[in-house]
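A closer look at the structure
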Amino acid sequence: MKCPFCSSENTRVIDSRPADDNNSIRRRRLCDECNKRFTTYEKVETIPLIVIKKDNNREQYDRSKIESGVLRACHKRPVPAAQISKLVDDVESEIFSREEKEISSDVIGEILMDKIKDLDAVAYVRFASVYREFKDVNTFMNELKKMLDKDKEGSQKNS
């Protein structure tokens with residue numbers, strides 16, 4: 001591993017420990033040339049995933065797009081960053097566990113909708129309004145009604 005400070009290839013690992021819920025390894029390294037320390041992360045290489053967009057264009061999967069969508073939906077909501085990060089991790093795990101080389105953005109959107117619904121109701125409505133591209137207030141109200149009906153069913157079952 002090259003040192004990011006002096007570009008020397010003489011570096012060694014001085015500490016290793018699991019990171020990201022045992023999905024990667026964090027390694028502290030020491031450069032033998034400049035004696036500076038730096039951290040690297042080692043992850044299992046996954047197959048490159050191609051996302052098929054609504055217009056049938058294809059692009060490489062980008063985690064940051066999911067993160068930014070969830071962050072926008074949760075803007076000014078009482079949702080901790082750790083919960084957002086876990087939600088994105090869960091979505092990513094579900095996507096990659098399918099072991100497919102291509103996945104539709106619609107499938108990713110539905111997985112996200114399902115997870116956000118359990119996270120925060122307002123964030124869900126915000127995300128749904130963009131994802132489902134509500135054309136008018138009636139469509140928006142129908143989605144809210146579905147959500148409220150499901151809440152009623154859930155609270156009646158718990159009674």
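These lines cover the structure that appears in this document, whether it is placed above or below. All figures in this text were calculated on a predicted structure; none of them were measured in a lab.

Moving on: the pattern of salt bridges. Per the counting criterion, the structure on display carries 11 salt bridges. Here D32 makes a salt bridge to R12, at a shortest N to O gap of 2.7 Å. With D32 in the loop between β2 (24–31) and β3 (37–43) and R12 in strand β1 (residues 11–19), this residue pair connects regions lying 20 residues apart in the sequence. Among the residues examined, D32 registers a relative accessible area of 39% and is labelled partly exposed. With a closest N to O distance of 3.1 Å, D90 and K86 form a salt bridge. In this pair, D90 and K86 are both assigned in helix α2 (residues 81–97), four residues apart and thus about one turn of the helix distant.

All right, on to the side chain of T11 then. Mapped onto the fold, T11 is located in strand β1. T11 sits in the buried class, given a relative accessible area of 15%. Residues within four places of T11 in sequence aside, it is in contact with M1, K2, C3, R29, L30, C31 and F38.

Calculation notes
Residues numbered from 1 in each chain as written. Predicted model: local features only at pLDDT ≥ 70, side-chain atom pairs only at ≥ 80, totals over all residues. Heavy atoms only, no water. Salt bridge = Lys/Arg side-chain N within 4 Å of Asp/Glu carboxyl O. Helix = DSSP H or I, 4+ residues; strand = E, 2+ residues; numbered from the N terminus. Buried < 20%, exposed > 50% of the residue type's maximum accessible area, 1.4 Å probe, protein only. Contact = heavy atoms within 4.5 Å.

In short, the description is geometric, and any link to function would need to be established separately.
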